[in-house]
Amino acid sequence: MTGRREFELIVVGAGIAGASLAYFLAEQGCGDVLLLERETQLAVHSTGRSAATLSSADANPTLLRIKQAAKPFFLSPPDGFSENPLLRRTGVLGVYPEPLWSTLRAALPALRETGLDGELLDQDEVLRRVPVLDPAELAGGILIADDGRLDVHEILSSYLRHARARGATLRLGAEIIGVIVEGGRCRGVRTRDGDFRARLVVDAAGAWAGTIARLAGAMDIPLVPHRRTIVTFAPPPGLPIADWPMIASDTHHLYFQPEAGDLMLSPMDEDAMAPCDPSPDEAVVADGLARFAKLAPALAPRALKRRWSGLRTFAPDRVHVVGEDPMLPGFFWLAGQGGCGIETSPLIGRVAADLVLRGRSDAFDTHLLSPARFAV
Ligand SMILES: Cc1cc2nc3c(=O)[nH]c(=O)nc-3n(C[C@H](O)[C@H](O)[C@H](O)COP(=O)(O)OP(=O)(O)OC[C@H]3O[C@@H](n4cnc5c(N)ncnc54)[C@H](O)[C@@H]3O)c2cc1C
């Protein structure tokens, strides 16, 4: 590989995390960025395998705040950001049996104060929207009408297009095999095609973020990848599904939604594993379909069309890890995107860019994201 060897910043991984950082850096005038991606294509790992949903409710108060702060970007993207809409507001509908339903109904006013804009639907209203649900399995639901489906390809390619237009360089097929540390500071990375140097190296390697940190000798943060699976199948002939929201049921431990004329379902599996290219576990899929047959018997598929798995990588408190390593100056974490890395990318990418360029951000309380929270 020929060309420049020194940059202001090197980003390891061109998934949604690395791409959104490159975009927000470029927006703030920093285009001297080298993005190094091991795969020869984009979106091979988590970013290309998601359910592509914006679901702004979250039981974790920090993630709820991050999601609330990120959502306006998708509702109203900056002028000229993308060629196509980023979000289809199909809605996300959580359904609940008693006694959970009564508890949630009572708690909704307090939840609204956190910014959650949910609409209570009684059982009849839920069934009017999605008539195939078994009434014995739910008492009501909460609909967030302006949540919905994200166009991940459009989001990722738009982040990268703008970053590259302002000077960022993207190299595919470039695997980091070592991290250069000199004088107690991270100075660059090693690839099979030689070394690249920078003021700061950003670890945005998704499930492999811990691997890169170990190569550098940075903090040991127990980031754990967890497999999640999705299957698709045809709806019964003639059933109009196009306008259904995503339906999520914690009780049945699944969610499903329309997907290009078919239905997409996740059994919400969460098996911890080493970083890898995971495939679906047949028993997990069978159990998930059995739970689905209870909630929506008329939809139980006879055959599956597609199935895939990807990794969702979590820090112990399930919140993103964003900031310079407290032990290794020059090494910057952008990891632990978990199950919401796409929908949180407008806020997390911006905060990461602020921290990289100025060491602080007005957009969020960065202590909640800092790797220093894991220092013992
Ligand atoms: C089934 C499933 C459903 C999901 N649903 C949603 C959803 O509905 N909404 C949502 O917001 N999020 C969802 N997520 C989560 C979301 O996909 C992730 O949080 C997000 O994609 C993580 O992005 P990333 O850039 O950190 O990781 P990745 O997309 O995995 O990118 C990391 C990149 O780093 C590269 N890399 C690794 N090691 C090296 C190396 N040594 N050298 C160079 N490059 C390297 C990898 O090749 C990879 O491309 C889902 C995830 C899964 C698996």
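Residues numbered from 1 in each chain as written. Predicted model: local features only at pLDDT ≥ 70, side-chain atom pairs only at ≥ 80, totals over all residues. Heavy atoms only, no water.

Teacher, can you tell me more about the domain arrangement of the protein here?
For interface size, the figure often reported is the accessible area lost on association. One can read the domain layout of the protein as domain 1 (6-50 + 152-223 + 316-374) and domain 2 (92-145 + 225-312). If you average the C-alpha positions of domain 1 and of domain 2, the two centres end up 32 Å apart. Contact with domain 1, which involves ten residues of that partner, is made by twelve residues of domain 2. Interface area lost by domain 1 to domain 2 is led by R49, A207 and R318, which between them contribute 51%. There are two salt bridges connecting domain 1 and domain 2. As a salt-bridge pair, R318 and E270 come within 2.4 Å of each other at their nearest N and O atoms. Across the domain 1-domain 2 interface, the total number found is five residue pairs in polar contact (both at pLDDT 80 or more). A breakdown of the residues in the side of domain 1 that touches domain 2 according to their chemical character gives three nonpolar, five polar and two charged. (Domains from an automatic or database assignment. Contact = heavy atoms within 4.5 Å. Buried area = accessible area lost by both parts, 1.4 Å probe. Salt bridge = Lys/Arg side-chain N within 4 Å of Asp/Glu carboxyl O. Polar contact = N/O pair within 3.5 Å; in protein donor to acceptor, adjacent residues only side chain to side chain. Nonpolar A, V, L, I, M, F, W, Y, C, P; charged D, E, K, R; others polar.)

Any chance you could explain the side chain of R227 here in plain terms?
For R227, the location among the structural elements is in strand β13 (residues 224-233). You can call R227 buried: its relative accessible area is 11%. Among the polar contacts listed, one links the side chain of R227 to the backbone oxygen of S279, at a separation of 2.9 Å. Other than its neighbours up to four places away in sequence, R227 contacts D269, E270, D271, M273, P278, S279, P280, D281, S309, G310 and L311. (Helix = DSSP H or I, 4+ residues; strand = E, 2+ residues; numbered from the N terminus. Buried < 20%, exposed > 50% of the residue type's maximum accessible area, 1.4 Å probe, protein only.)

Would you mind going over the environment of S50 with me for this structure?
Relative to the helices and strands, S50 is located in the loop between β2 (33-36) and β3 (53-54). On a C-alpha basis, the gap between S50 and G310 in space is 7.4 Å, while along the polypeptide they are 260 residues apart. Not counting the four nearest positions on each side in its chain, S50 is found in contact with V152, I230, W308 and I342. From its side chain, S50 meets the backbone nitrogen of A52 in a polar contact 2.8 Å long.

Explain the nonpolar core to me, please; I cannot follow it from the model alone.
The nonpolar side chains of a soluble globular protein tend to be buried, and buried together. Core analysis: the largest hydrophobic core is formed by 52 residues, its most contacted members being L9, L21, Y159 and L334. Elements represented by at least two residues in this core include exactly β1 (6-12), α1 (16-27), β2, α2 (61-75), α5 (152-165), β12 (194-203), β20 (331-335) and α8 (345-358). Per element, the largest residue contribution to this core is nine residues, and it comes from α1. The next biggest cluster of nonpolar side chains, apart from the first, holds 32 residues, and it includes A205, W208, A213 and I221. (Core = buried A, V, L, I, M, F, W, Y, C linked by side-chain atoms within 4.5 Å.)

So what exactly am I meant to see when it comes to the packing of aromatic side chains here?
One pair of aromatic rings is described through two measures. These are the centre distance and the angle between the planes. Applying the stated criterion across every chain, the model contains 14 aromatic pairs. Centroid distance W244 to F256: 6.5 Å. Interplanar angle 80 degrees. Geometry classified as edge-to-face. With W244 in the loop between β13 and β14 (246-249) and F256 in strand β15 (residues 254-259), this residue pair connects regions lying twelve residues apart in the sequence. For W244, a relative accessible area of 4% corresponds to the buried category. We classify F256 as buried; its relative accessible area is 0%. Members of the aromatic cluster, joined through ring pairs, are Y23, F24, F73, F74, F81 and Y159. (Phe/Tyr/Trp six-rings, centres within 6.5 Å; stacked < 30°, edge-to-face > 60°.)

How should I be thinking about the sheet that holds β3 in this particular structure?
Whenever strands of a sheet pair, they do so through backbone hydrogen bonds, lying parallel or antiparallel. Overall, antiparallel pairing links the three strands, which are arranged β3-β8-β4 in an open sheet. Strands with a single pairing partner mark the edges of an open sheet, and in this sheet they are β3 and β4 (87-88). (Pairing = 2+ DSSP bridges.)

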